[in-house]
Structures are given as C-alpha cells and as structure tokens.
Amino acid sequence: MIIFVTSDTHFFHDREFVWKKRGFENVEEMNEALVENWNRVVSEDDTVYHLGDVFLGVGNDYEKAGELLYRLHGQIHLITGNHDQESKLAYLEEHVPGVVSIERMEWIMWRKHTVILSHYPVITGGRTGNKLHSAVYCLYGHTHQTDPYRADIPLGLNVGVDCQTLTPVPLDDAMMELRQHCLDSGVFRSADASGLGEDAGGEDGETGWR
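The sections below set out a description of the structure shown in this document.

The rules behind each value
- Residues numbered from 1 in each chain as written.
- Predicted model: local features only at pLDDT ≥ 70, side-chain atom pairs only at ≥ 80, totals over all residues.
- Heavy atoms only, no water.
- 1 Å grid on protein atoms, 1.4 Å probe; cavity = no way out; pocket = protein on both sides within 12 Å on 5 of 7 lines; lining within 4 Å.
- Points joined across faces, edges and corners; volume = space filled by probe spheres on them.
- Nonpolar A, V, L, I, M, F, W, Y, C, P; charged D, E, K, R; others polar.
- Helix = DSSP H or I, 4+ residues; strand = E, 2+ residues; numbered from the N terminus.
- Buried < 20%, exposed > 50% of the residue type's maximum accessible area, 1.4 Å probe, protein only.
- Polar contact = N/O pair within 3.5 Å; in protein donor to acceptor, adjacent residues only side chain to side chain.
- Contact = heavy atoms within 4.5 Å.
- Phe/Tyr/Trp six-rings, centres within 6.5 Å; stacked < 30°, edge-to-face > 60°.
- Pairing = 2+ DSSP bridges.
- Core = buried A, V, L, I, M, F, W, Y, C linked by side-chain atoms within 4.5 Å.

Counting across every chain of the model gives one cavity of 30 Å³ or more. Space inside the largest cavity adds up to approximately 70 Å³. Lining of the largest cavity is provided by Trp38, His50, Val54, Leu69, Leu72, Ile76, Leu78, Leu92 and Val99. The class makeup of the residues in the lining of the largest cavity is eight nonpolar, one polar and no charged.

This is the structure in structure tokens:
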C-alpha cells in the first residue's frame, strides 16, 4: 500500500484559466487526463490524501461529479478546500465509497516527522536547534502555483496538480524532496538528526500516520 498526496483537481471547472492553463482544449479533456494520471499511479489498495477543491462547475448536478470520482482508484481522505461546500461534502460522504474520511485539516506522522496536511499553506516551525528531524512540515494546495515552493513557507511543499505534473505524488517522494529542499536552501544548519538513520521509521522503517 502506497500513500499519495494531491490537491486542487478542480474536476469540471469549465474555465479557460483552469483547463487551458493546464494545456487542454476543453474541460472534458482535462477531466479524462486527470483520471488517467491518477489511476496510472494509484492502485485500488492505495491511500490518497486529497487536499481540497475536488470539483466545481456542475451546479447542483453532483451525480455527474460522483460518477467521475467513482472511477478513481484508492481510498480517498479529503481535506476540505474553499470550494468544497457542505452540500458537496454530504454528497461525497453518502454516494462515493472511495471517499473514506473528510476533515478540515489533518496531522500525520511520517518517519517520526510531524506533517500538517492542509488546503491552505501553513507557516510551521518547531525546529529545536534548527534540526531537520524536529521540524513540523506542511503539505498544501490552494495557490495553483507552478513552483512547488514558496519563500514565505520554508517548511512547506505544494502538492497541487498544477505543480506536480497533474498527478498524485507518493508521500515518501514528497517528503524526501521537501527535506532535501530545506537542506539545500539553508533552512537547517546541517543534516544531523535528519531522521534518515535506523530509527527513521516505525517498525521495520515503514511509514506511519495518525
């Protein structure tokens, strides 16, 4: 089982500044590409944290969106975004079995690192002695940036589809990239206590979460 993260799919958002910016001729083409990309990397047994703004643009025809979301592989834990209204969430909870939880924000543990999963970028810290291992990190979406990093969010990585090749990213890959970025950009003094040693994971070094 692999854990993935993604955000801001904006299925059915029929505006040129969405689908055209992503390189498509229309919203239908975008929808199909997003589904194909998702199912190419995510299996039925995998877990996906979707950090909000799943779909919009269908009015009250949530069944149309539900039929598409039903095609997505994996167990989806939804972190709600600014376009995820209560009526949408109620529909997803009742009619899309792949959506197994809905939260406003979630804290998880990855190799003994604390990670905040949020639709919005969150400034985090908790750096005892400026050491990588003791930091609190943030994975987020919302901004639709094409560069996954922001100078004002030094411990954060944007996992939205617009800066992640329109595809969900394995959590392991996202966090390893973020930690390396923190080292390369001088956020930490050194790589000591980086959590890469034998005690980096849980039992047998696996990824754990809560």
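With respect to the helices and strands, His119 occurs in the loop between strand S6 (113-117) and strand S7 (136-140). The exposure class assigned to His119 is buried, which follows from its relative accessible area of 0%. Within the local environment of His119, its side chain forms a polar contact with the backbone oxygen of Leu51, the two atoms lying 2.7 Å apart. Here Asn82 takes part through its side chain, which lies 2.8 Å from a polar atom of the side chain of His119. What His119 contacts, discounting residues up to four positions off in sequence, is Ser7, Asp8, Leu51, Gly52, Asp53, Ile79, Thr80, Gly81, Asn82, Tyr140, Gly141 and His142.

Take the packing of aromatic side chains next. Considering all chains together, one arrives at two aromatic pairs under this definition. Aromatic side chains Phe55 and Tyr62 sit 5.9 Å apart centroid to centroid with 70° between the ring planes, which places their arrangement in the edge-to-face category. Across this residue pair, the class does not change: Phe55 and Tyr62 are buried. Taken together, the ring pairs connect Phe55, Tyr62 and Tyr91 into an aromatic cluster.

What follows concerns the environment of Trp19. On the secondary structure map, Trp19 appears in helix H1 (residues 16-19). Sequence separation between Trp19 and Glu29 is ten residues, and the spatial gap between their C-alpha atoms is 8.3 Å. Apart from residues no more than four positions distant in its own chain, Trp19 is found in contact with His13, Asp14, Phe24, Glu25, Asn26, Val27 and Met30. A distance of 3.0 Å separates a polar atom in the side chain of Trp19 from a polar atom in the side chain of Asp14.

With burial as the criterion, only one face of strand S5 (residues 106-110) is covered, namely that bearing Glu106, Ile108 and Trp110; the residues Trp107 and Met109 on the opposite face remain uncovered. As defined by bridge partners, S5 adjoins S6 across five bridges and the pair is classed as antiparallel. In the sheet register, Met109 faces S6, and the bridge partner there is Thr114. Counted between consecutive antiparallel strands, the loop separating S5 from S6 contains two residues, among which Arg111 sits at a positive phi close to 50°.

A separate point is the nonpolar core. The biggest cluster of nonpolar side chains holds 31 residues, and the ones touching the most others in it are Phe11, Phe12, Met30, Phe55, Leu69, Leu72 and Leu92. Taken together, the elements giving at least two residues each to this core come down to H1, helix H2 (27-41), helix H3 (62-69), strand S3 (75-79) and helix H4 (86-95). Sorting elements by how many residues they give to this core places H2 first, with six residues. Contact partners of Phe55, with chain neighbours within four places excluded, come to His10, Phe11, Phe12, Tyr62, Ala65, Leu69, His83, Lys88 and Leu92.

The two faces of strand S2 (residues 47-50) match: Thr47 and Tyr49 on one face and Val48 and His50 on the other face are all buried. As paired strands, strand S1 (residues 3-6) and S2 are joined by four bridges and run parallel to one another. Across the sheet, the residue bridging to Thr6 is His50, located in S2. One ladder, built from four bridges, connects S2 with S3; its direction is parallel. Directly across from Tyr49, in S3, lies its bridge partner His77.

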